[in-house]
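What follows is the residue order along each chain.
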Amino acid sequence: MAHLHQLDAFAENDVFHVVVESPRGSTLKLKWDPDLGAMSVSRPLNLGLSFPYDWGFVPSTEGPDGDPIDALVYWDVSSYPGVVIPCRAIAVVQVDQRASGGDTRVRNDRIIALPTQARREHAGAPGDLPTRIREELNQFFLAATALEGKDARILGWAGADEAVTLIRKSVK
């Protein structure tokens, strides 16, 4: 696992890799630490919260917040930290938050991804996700950062094309 952050962002065309950090059901936010070559504990989630789906990042990318682009893997199973999943974009949740150590706001968008090998999920656009799921994801993203001083705001949702453009623009 020593080079997960350096894997190619894209497997082929619009299929990209997602490295799982925190699996579905985890109450810990895990984070890839390239210096250790291992997953480490970032923080526990707020009481009552757990990740609704696998959570991770797109390798070889850097977003405006200085971290790799975040990705949520929308499927009905959980994997394990360090698993690499080839995915297609469904949507991007547009988020801004307070930058660490200041009042400046930075974008910290989250890709909603569907594994290429998902057997039971059939979503191809934000509108394919039930409204309730989109609302619950918005609330999860806000609740997960509520006590971190980030003052996150959901700006909206955009489609798969915008998600892939974000990834392409963020490749290092």
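In what follows, the structure referred to is the one given above.
Here's what I pulled together on the structure shown here. For every chain, the first residue of its written sequence is number 1, and the numbers climb from 1 along that sequence. This being a predicted model, a pLDDT of at least 70 is required before a residue's local features are given, and a value of 80 or more before pairs of side-chain atoms are given or counted; all residues contribute to the totals for chains, interfaces and linings. Side-chain measures here rest on the full set of heavy atoms in the structure, leaving out hydrogens and waters.

**Observations regarding the layout of surface pockets**
Of the pockets and cavities examined, the largest pocket occupies roughly 710 Å³. Using a grid of 1 Å spacing that covers the protein atoms alone, one calls a set of points a cavity when a 1.4 Å probe fits there but cannot get out, and a pocket when the set is open and has protein on both sides within 12 Å along at least five of seven lines; lining residues are those with an atom within 4 Å of a point. For the largest pocket, the lining is made up of 40 residues, of which Lys29, Lys31, Asp65, Asp67 and Asp70 are closest to its centre. Broken down by secondary-structure element, the contributors of at least two residues to the lining of the largest pocket are strand 3 (28-33), strand 4 (38-44), strand 5 (54-58), strand 7 (84-98) and helix 1 (131-145). Side-chain classes follow a simple rule in which Ala, Val, Leu, Ile, Met, Phe, Trp, Tyr, Cys and Pro form the nonpolar group, Asp, Glu, Lys and Arg form the charged group, and the remainder, Gly included, forms the polar group. Among the residues forming the lining of the largest pocket, the class breakdown is 15 nonpolar, 12 polar and 13 charged. Grid points are joined across faces, edges and corners, and a volume is the space filled by probe spheres set on the points. Secondary structure counts use DSSP, requiring at least four H or I residues in a row for a helix and at least two E residues in a row for a strand, with both numbered from the N terminus.

**Some details on helix 1**
A helix is expected to span 1.5 Å multiplied by its residue count minus one. Counted at 1.5 Å a residue, the expected span for helix 1 with its 15 residues is 21 Å, and the 22 Å between its end C-alpha atoms agrees. Taken as a whole, helix 1 has its buried residues at Leu137, Asn138, Phe140, Phe141, Ala144 and Thr145. All buried residues of helix 1 fall inside an arc of 160° around its axis, so they share one side. Across from the buried face of helix 1, at angles greater than 90 degrees, the exposed residues are Arg132 and Gln139. On its buried side, helix 1 packs onto strand 4, strand 5, strand 6 (69-73), strand 7, strand 9 (110-115) and strand 10 (153-159). Throughout, exposure labels follow a simple rule: accessible area from a 1.4 Å probe, protein chains only, divided by the maximum for the residue type, with under 20% read as buried, over 50% as exposed, and the rest as partly exposed. This arc is built from the directions going out from the helix axis to the C-beta atoms. The contact rule is simple, with two residues in contact once any of their heavy atoms fall within 4.5 Å.

**A look at the environment of Arg134**
In this structure, Arg134 sits in helix 1. Separated by 23 residues in the primary sequence, Arg134 and Trp157 place their C-alpha atoms 8.9 Å from one another.

**Considering helix 2 (residues 160-170)**
Among all positions of helix 2, only Ala163, Val164, Leu166, Ile167 and Ser170 are buried. One face of helix 2 carries all of its buried residues, which in axial projection span an arc of 155°. Of the exposed residues in helix 2, the ones pointing more than 90 degrees away from its buried face are Asp161 and Lys169.

**Some words on the environment of Thr27**
Looking at the element boundaries, Thr27 is found in the loop between strand 2 (15-22) and strand 3. Take Thr27: its relative accessible area is 48%, and that puts it in the partly exposed class. Taking C-alpha positions, Thr27 is 5.5 Å from Leu45, a pair spaced 18 residues apart along the chain. Ignoring any residue separated from it by four or fewer positions in sequence, one finds Thr27 in contact with Pro44, Leu45, Leu49 and Ser50.

**Here we look at unusual backbone geometry**
One non-glycine residue, Asn13, lies in positive phi territory at about 40°. Turning to its location among the elements, Asn13 is positioned in the loop between strand 1 (10-12) and strand 2.

**Regarding the pairing of strand 2**
Strand 2 sits mainly inside the fold: eight of its eight residues count as buried. Two elements, strand 1 and strand 2, share two bridges in a ladder whose sense is antiparallel. In the sheet register, Phe10 faces strand 2, and the bridge partner there is Phe16. Strands were regarded as paired on the criterion that DSSP finds at least two bridges between them. Counting the residues in the hairpin turn of strand 1 and strand 2 gives two residues, including Asn13, whose phi is positive at 40°. With three bridges connecting them, strand 2 and strand 5 associate as antiparallel partners. In the sheet register, Val19 faces strand 5, and the bridge partner there is Phe57.

**Let's talk about the side chain of Asp70**
Relative to the assigned elements, Asp70 resides in strand 6. Arg110 provides the closest opposite charge to the buried, salt-bridge-free Asp70, at an N-O distance of 4.2 Å. Residues contacting Asp70, with those up to four places away along its chain left out, are Trp55, Gly56, Phe57, Asn108, Asp109, Arg110 and Ile111. Note that His is not counted, nor are the chain ends; the positive residues are Lys and Arg, and the negative ones are Asp and Glu. A pairing counts as a salt bridge when a side-chain nitrogen of Lys or Arg comes within 4 Å of a carboxyl oxygen of Asp or Glu.

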